[in-house]
Amino acid sequence: DDDDDDDAFAFLRDGVDETIVIPIDLDARVATPPWTRGVSIPLRRRDDDDDGDDDGDEGDDGGGRRNVDRRTRWREPFFGQLGVAPRPDRGVVSSVEPGAHGGNLDNRLLTPGSTAYFRVNVPGAMFSAGDGHAMQGDGEFSVTALETSLRGTFRLSVIKNNSGDAVLAGFPADAPRAMTRSHYLTMSFHESLDVAQNLALRDMLRWMRRVTGLRVVDLYRMSSLVGDMSVTQVVNGKKGVHLAFPRRTMDEIARAGGMGEGQRGARVAKAGVRLAGALRRFGFESAAAFCEARVL
């Protein structure tokens, strides 16, 4: 019995020296791993709906209006690698570990409709994306997701550091931030999950303090009520943790306090571009701007 045989779990220590090909049916939008006895897994499904059917109610508040703040999250194909060039003083950086520049985030929430924010470290930012994942759960325990080729469209923008944008408030030196259709998202990376979760929480409290005007201690209490913390991955050297706060709730609190649209604040001096290469013409200093990458 595998449950009574320690050798059966040796792969957890030694790794798996075997290549598996998982067929993907693009028309049906399903994948069928060879060990599931013919049972297919949908590539796009709700977290609370494992049968994978599109019930026709995504973003519908019952009155035919789109509700982008519903708590239900969708699992969809996404790019595991999103980021900009790291600081030059870091030298050559492995593509395996994530960091302040982004890189191998492997965050399954960064699907179409989401926006990621990175500090610009070099002229041109050098945004890049890759590592297509057709399917992945939080944790990515077995090192890889369902790897596949993806073609993506991104809208890149430059946000000046003095813009007053709430997204940039207390922006951490060691991690990016993001917004999905429904949630604010902080990310952190560390060899220790204990340290990573603390960093993600601290950054969310700093961010939401600027968005809502609430005291940090009250936001700390709020984190236990509405915050969802997940382990992004445990296999990229530095483990990843992400913390999600619902945008609708936090923005309603902001408006009640006269803060206006919390997630944008008083943005000024924003310049939009269509291609990553076009960022080079701005020639901004590394500490003066941020790259906003929206997945379309």
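Structure's up top.
Glancing now at the packing of helix H2 (residues 193-212) against helix H4 (residues 247-256). It is the contact of H2 with H4, at a shortest axis distance of 8 Å, that shows an interaxial angle of 40°. Between H2 and H4, the crossing angle belongs to the class labelled oblique. Contacts from Met208, Val211 and Thr212 of H2 reach H4 at Met250, Asp251, Ile253 and Ala254. Of the residues belonging to the contact of H2 with H4, the class tally is five nonpolar, one polar and one charged.

Moving on, we come to a nonpolar patch on the surface. Taken together, Phe9, Phe11, Leu12 and Val16 make up a surface patch of nonpolar side chains, about 420 Å² in accessible area. With respect to the element layout, Phe11 can be found in helix H1 (residues 11-14). A residue is classified by how much of its surface remains accessible, and Phe11, at 42% relative accessible area, is partly exposed.

Moving on to the pattern of salt bridges. For the structure on display, the rule yields nine salt bridges. Between Glu76 and Arg181 there is a salt bridge whose closest N-O contact spans 3.5 Å. Taken together, the positions of Glu76 in the loop between strand S5 (74-75) and strand S6 (78-83) and Arg181 in the loop between strand S12 (177-179) and strand S13 (183-190) put the pair 105 residues apart, joining distant regions of the chain. Between Asp203 and Arg206 there is a salt bridge whose closest N-O contact spans 3.5 Å. In this pair, Asp203 and Arg206 are both assigned in helix H2, three residues apart and thus about one turn of the helix distant. Several salt bridges share partner residues, and in doing so they unite Arg44, Glu76 and Arg181 into one network.

Pairing in this open sheet of four strands is antiparallel, and the strands run S7-S6-S9-S10 from one edge to the other. With one partner strand each, in any of the chains shown, strand S7 (102-104) and strand S10 (146-147) form the two edges of the open sheet. Pairing between S6 and strand S9 (residues 128-135): five bridges, direction antiparallel. Directly across from Gln81, in S9, lies its bridge partner Gly130.

On the basis of which strands lie adjacent, the open sheet formed by three strands has the order S1-S2-S3 and antiparallel pairing. Both edges of this open sheet fall to strand S1 (24-25) and strand S3 (41-42), since each of them pairs with a single strand only.

With respect to the helices and strands, the residue Thr212 is situated in helix H2. Within the local environment of Thr212, its side chain forms a polar contact with the backbone oxygen of Met208, the two atoms lying 2.7 Å apart. Within the local environment of Thr212, its side chain forms a polar contact with the backbone nitrogen of Leu214, the two atoms lying 3.1 Å apart. Leave out the neighbours within four places in its chain, and Thr212 touches Leu219, Met250, Ile253, Ala254 and Met259.

Here we take up H2. Between its first and last C-alpha, H2 extends 28 Å over 20 residues, near the 28 Å set by a 1.5 Å rise per residue. Ala196, Ala200, Leu201, Asp203, Met204, Leu205, Trp207, Met208, Val211 and Thr212 are the residues of H2 that are buried. Taking the backbone nitrogen of Asp194 as reference, a side-chain oxygen 3.2 Å away marks Ser192 as the first, capping residue of H2.

Here the focus is the packing of aromatic side chains. Scanning all chains against the criterion turns up four aromatic pairs. Pairing Tyr184 with Trp207 gives two aromatic rings, centres 5.1 Å apart and planes at 80°, and the pair type is edge-to-face. With Tyr184 in strand S13 and Trp207 in helix H2, this pair connects stretches of sequence that are 23 residues apart. Under the relative-accessibility criterion, Tyr184 is labelled buried at 0%.

Criteria and thresholds
Residues numbered from 1 in each chain as written. Predicted model: local features only at pLDDT ≥ 70, side-chain atom pairs only at ≥ 80, totals over all residues. Heavy atoms only, no water. Axes fitted to C-alpha atoms, helices over the stretch in contact; angles between N-to-C directions. Helix = DSSP H or I, 4+ residues; strand = E, 2+ residues; numbered from the N terminus. Parallel < 35°, antiparallel > 145°, perpendicular 65-115°, else oblique. Contact = heavy atoms within 4.5 Å. Nonpolar A, V, L, I, M, F, W, Y, C, P; charged D, E, K, R; others polar. Patch = residues over 30% accessible without salt bridge, like charges linked within 9 Å, V, L, I, M, F, W, Y side chains within 5 Å. Areas by Shrake-Rupley, 256 points an atom, 1.4 Å probe, with all protein chains shown as cover. Salt bridge = Lys/Arg side-chain N within 4 Å of Asp/Glu carboxyl O. Buried < 20%, exposed > 50% of the residue type's maximum accessible area, 1.4 Å probe, protein only. Pairing = 2+ DSSP bridges. Polar contact = N/O pair within 3.5 Å; in protein donor to acceptor, adjacent residues only side chain to side chain. Expected span 1.5 Å × (residues − 1). Phe/Tyr/Trp six-rings, centres within 6.5 Å; stacked < 30°, edge-to-face > 60°.

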